[in-house]
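Structural characterization, general
Letter by letter, the chains look like this.
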Amino acid sequence: MAPPMSANRFLDVLEDEGVTVVEVDDWREHNRDHVGPWGPVHGVMIHHTVTSGSEATVRLCRDGHPSLPGPLCHGVITKDGRVHLVGYGRANHAGLGDDDVLRAVIAEKALPPDNEANTDGNRHFYGFECENMGDGEDPWPDAQLEAIERVSAAICRQHGWTARSVIGHLEWQPGKVDPKGFTMDAMRDRVHERLK
């Protein structure tokens with residue numbers, strides 16, 4: 001459990017981890033804080049976008065759409081491995097999820113099945129949307145997977161968390177499948193190795 005780091009610190013820890021960052025518009029002030037609190041934070045959540053084309057993906061994640069206002073995450077990880085910062089603060093990415101999963105993340109234990117949607121995840125997770133169609137066929141380039149690993153490790157390192165604080169949307173909210181195309185266990189192994 002931790003208060004969210006400042007936007008400037010967030011940028012610094014990503015860059016210190018070797019992440020290629022693109023700052024988009026007024027990302028530091030672009031958030032959904034007016035609808036509810038952000039923090040304490042407990043982990044990092046990874047998503048896929050079901051979009052193609054980096055420019056359109058970044059714009060969608062920044063602006064959202066009529067039924068879901070942006071920002072839809074804190075950073076968009078495009079296929080080239082760049083991380084586009086589109087918001088900071090509360091973001092519409094996690095939605096309601098399982099309180100048992102949140103307790104497991106806080107305790108850094110193995111995740112139980114997500115069978116409830118009773119807890120506000122937008123309050124408690126840093127969120128990264130990853131450019132991918134999410135059909136199990138769209139490739140995940142090495143640069144993109146490495147960027148997911150790096151952003152996750154950077155945030156865990158800053159907060160003193162282990163790789164168990166990194167989860168996929170599919171592990172949080174029943175019915176979600178993202179990210180599809182790699183396993184979160186494999187990504188947590190990568191983050192674990194980077195944190196050594």
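Note that the structure is predicted; figures quoted are calculated from it, not measured.

Right, let's talk about the side chain of aspartate 114 for a bit. Structurally, aspartate 114 can be placed in the loop between helix H3 (99-107) and strand E8 (119-120). Buried charge aspartate 114 goes without a salt bridge, the closest partner of opposite sign being lysine 176 at 10 Å. Among the polar contacts made by the side chain of aspartate 114, one reaches the main-chain amide nitrogen of glutamine 173 at a distance of 3.3 Å. When sequence neighbours within four positions are dropped, the list of residues in contact with aspartate 114 reads Asp98, Val101, Leu170, Glu171, Trp172, Gln173 and Pro174.

This brings us to the environment of phenylalanine 125. The topology assignment puts phenylalanine 125 in strand E9 (residues 125-130). Along the primary structure phenylalanine 125 and cysteine 73 are separated by 52 residues, whereas in three dimensions their C-alpha atoms are 9.7 Å apart. Apart from residues no more than four positions distant in its own chain, phenylalanine 125 is found in contact with Trp38, Gly43, Val44, Met45, His74, His93, Leu102, Val105, Ile167 and Trp172.

With twelve residues, helix H5 (residues 184-195) extends 16 Å between its outermost C-alpha atoms, agreeing within 8% with the 16 Å of an ideal straight helix rising 1.5 Å per residue. Packing partners of the buried residues in H5 comprise strand E2 (43-48), helix H4 (142-159) and strand E10 (166-168).

Spatially, the six strands line up as an open sheet ordered E1-E6-E5-E9-E2-E10, and their pairing is mixed. The open sheet terminates on both sides in strands that have one partner only, identified here as strand E1 (20-23) and E10. Neighbouring strand axes in the sheet, compared pairwise and without regard to direction, differ in orientation by 30° on average. Where E2 meets E9, six bridges bridge the pair, whose relative direction is parallel. When the sheet's bridge partners are listed, methionine 45 is paired in E9 with glycine 127.

Parameters at a glance
- Residues numbered from 1 in each chain as written.
- Predicted model: local features only at pLDDT ≥ 70, side-chain atom pairs only at ≥ 80, totals over all residues.
- Heavy atoms only, no water.
- Helix = DSSP H or I, 4+ residues; strand = E, 2+ residues; numbered from the N terminus.
- Buried < 20%, exposed > 50% of the residue type's maximum accessible area, 1.4 Å probe, protein only.
- Lys, Arg positive; Asp, Glu negative; His and termini not counted.
- Salt bridge = Lys/Arg side-chain N within 4 Å of Asp/Glu carboxyl O.
- Polar contact = N/O pair within 3.5 Å; in protein donor to acceptor, adjacent residues only side chain to side chain.
- Contact = heavy atoms within 4.5 Å.
- Expected span 1.5 Å × (residues − 1).
- Pairing = 2+ DSSP bridges.
- Axes fitted to C-alpha atoms, helices over the stretch in contact; angles between N-to-C directions.

Read these as layout, nothing more, since geometry by itself doesn't imply function.
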